[in-house]
Amino acid sequence: MNHNPFHWGRPSDSTYGPYNQQIAHASNVNPMARQQQQSDFPTMHTQRPMMTGTSVLAIKYQDGIVIAADNMGSYGSLMKLDNVERLLKVGQDTIVGISGDLSDLQAIQRILNDLEIDESYDAGDDEDALAAGLKANHVHEYLTRIMYNRRSKMDPLWNACIVAGFDDEGKSFLKYVDLLGVAFASPTLATGFGAHLAIPLLRQRVDSEADVKKLTKADAIQLIKDCMKVLFYRDARSLDKYSMAVLSESDQKVEFHKDVKVEDMKWAFAKGIKGYGMPQL
Amino acid sequence: MMNVQQNATMASEYSNEVQTQPIEHRFNPYTDNGGTILGIAGEDFAVLAGDTRHTSGYNINSRYEPKVFSVGDNMLLSANGFAGDAQQLVKEFGRELKWYHFDHNRKLATSSAARLIQHLLYGKRFFPYYVHTILAGLDADGKGSIYSFDPVGSYEREQCRAGGAAASLIMPFLDNQVNFKNQMDPESNGTKKKELRYLSLEEVLQLVRDAFTSATERHIEVGDGLEILIVTKDGVTTKYYPLKRD
């Protein structure tokens, strides 16, 4: 046999018509622009995030998960929006916390909503089937596939997401996925600045699955609140108003707290800071 | 006449640097998630081990994210490097294996699995999976076998192989301790090379643990935990040993 693929021939022109040369010379330049000689720029995908949301934090405790994200939408250093909900509820008991580009957040919101509708068709009116259907591990797997496929098309959804909820067995499920399709699980998770500022504080209390058993619900909530405070102190693109979801394994319930405020801040030290910008009076 | 072209990168005024092409700020579809893996074949077993740390830059994403998988048919598979691609490769292998079972209703030989992985990797030759892949299993004679792959699918059967972040730290140690490189027969007074022999499972496990504790000392992306999967004719067993978490 001749092993050179160029000598194998191709479907005959008489049967299939002549080969469309454009296929071999395909390019990612917008064909309209090429026709009109407007631009030699390649087609544009999200090259960098524009409107963004900052960190999402989450921690496992003995009976579930606490997850939080603030309500700000930044346009560069401008606080453009102060009432953005970045914790999405998917299905009965899954919370997806999303940081990064907000238009891509809305794209994900639409995709997950479609998934939820598809799933609810299968369940019909059966409440139990609905509750048993779409679990956090399914949502995470689905989201990971979407993120990885979009990065493979060089057209990423510019986000880092944390999925919190319950899996098929009703156990707490907490996992991360980002714009590259990189996914991992850990009892403490944070995106963005939180990975630098909050993770050390969270790991002080919970460094392994064994420590999860020792952390009570009240302590977990307090810990997340403290971390949100530290983030508000030190992350310039953060807000003192945030949403927090508390999931408990024993009753498979999700408490959703909106408009939580950062409390007990101490700004007295600010008076003493010298050397930045205008002289202090 | 000489055509003098001014080099814009040297001693120029910024105003003279005319951009002839659009400045591209391209999205980088790859990252390195650290970690390291190690496979050693014995006479009637093979081990594939990996640390459980998952990193991005200087961040530790997770202290326990397993990357060595028992993929079925008495085979162990691990892809190390960019975790997104690694997960995709293992998943794709799992899918292909399932289809193989549907189509042929028999076990996939380790050598055939290796060839399949070559095709999965080479199929993305021009947008490669950024991973170092190791497959462990038993061959047709029941002997342990390790196959190692480069990111685009070039592969080889070996007695042992380290992959990933600390491969360059572990591999020379393995050359010496598994393949007895630079070791002489003590009886011969330095005239004869030490005879090759199969290592026992106990010896191999000790080597693997030593390799990983040492790599943990010297490589920041290695640590937290060591998961060793052992494959014998009776199936797969898993062992876990803690590593330093600093």
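Before any of the text, the structure's been laid out above.
The following paragraphs examine the structure supplied in this document. (Residues numbered from 1 in each chain as written. Chains lettered and ligands numbered in written order. Predicted model: local features only at pLDDT ≥ 70, side-chain atom pairs only at ≥ 80, totals over all residues. Heavy atoms only, no water.)

Each side of the interface is counted separately: chain A has 27 residues, and chain B has 28 residues. Taken together, the two surfaces of chain A and chain B that pack against each other cover about 2,200 Å², and 51% of this comes from carbon and sulfur. Here chain A is connected to chain B by four salt bridges. Among the ionic pairs, Asp207 of chain A bridges to Arg63 of chain B, the shortest N-O distance being 2.9 Å. At the boundary of chain A and chain B, one finds eleven residue pairs in polar contact (both at pLDDT 80 or more). Counting only elements with at least two residues in the side of chain A that touches chain B, the list comes to helix H6 (136-152), strand S10 (183-185) and helix H7 (194-197) of chain A. Here the element with the most residues in the side of chain A that touches chain B is H6 of chain A; it accounts for six residues. (Contact = heavy atoms within 4.5 Å. Buried area = accessible area lost by both parts, 1.4 Å probe. Salt bridge = Lys/Arg side-chain N within 4 Å of Asp/Glu carboxyl O. Polar contact = N/O pair within 3.5 Å; in protein donor to acceptor, adjacent residues only side chain to side chain. Helix = DSSP H or I, 4+ residues; strand = E, 2+ residues; numbered from the N terminus.)

Another aspect to go through is the packing of helix H4 (residues 102-123) of chain A against H6 of chain A. Residue and element names in this part refer to chain A. It is at 11 Å that the axes of H4 and H6 come closest, and there the two elements cross at 135 degrees. Accordingly, the angle class assigned to the pair H4 and H6 is oblique. Our pair here, H4 against H6, has a crossing hand that is right-handed. On the side of H4, the interface is formed by Ile108, Ile111, Leu112 and Leu115, while H6 contributes Val139, Tyr142, Leu143, Ile146 and Met147. Taken together, the residues that form the contact of H4 with H6 break down as nine nonpolar, no polar and no charged. (Axes fitted to C-alpha atoms, helices over the stretch in contact; angles between N-to-C directions. Parallel < 35°, antiparallel > 145°, perpendicular 65-115°, else oblique. Left-handed = near helix turned anticlockwise from the far one by under 90°. Nonpolar A, V, L, I, M, F, W, Y, C, P; charged D, E, K, R; others polar.)

Residue and element names in this part refer to chain B. If you trace the five strands from one edge of the open sheet to the other, you get S5-S6-S7-S8-S9, paired in antiparallel fashion. In this open sheet, the two edge strands, each paired with only one partner strand, are strand S5 (68-72) and strand S9 (155-158). Across the sheet, the mean angle separating the axes of adjacent strands is 25 degrees when strand polarity is ignored. Direction of pairing for strand S7 (residues 131-138) relative to strand S8 (residues 144-149): antiparallel, over a ladder of six bridges. Looking at the pairing, Leu135 lines up with Tyr147 of S8. Helix H1 (residues 83-104) contacts S5, strand S6 (75-81) and S7 of the sheet and is inclined by roughly 155 degrees relative to S6. Helix-sheet contacts for helix H2 (residues 110-122) involve S6, S7, S8 and S9, and the interaxial angle to S7 is about 165 degrees. (Pairing = 2+ DSSP bridges.)

What follows concerns helix H3 (residues 167-177) of chain B. Residues and elements named next belong to chain B. By the burial criterion, the buried members of H3 are Ala167, Ile170, Met171 and Leu174. Projected down its long axis, H3 shows its buried positions confined to an angular sector of 105 degrees, all on one face. Close packing links the buried residues of H3 with strand S1 (36-41), strand S10 (160-164) and helix H4 (201-218). (Buried < 20%, exposed > 50% of the residue type's maximum accessible area, 1.4 Å probe, protein only. Arc of directions from axis to C-beta.)

Remember, this is a structural readout, not a statement about activity or role.
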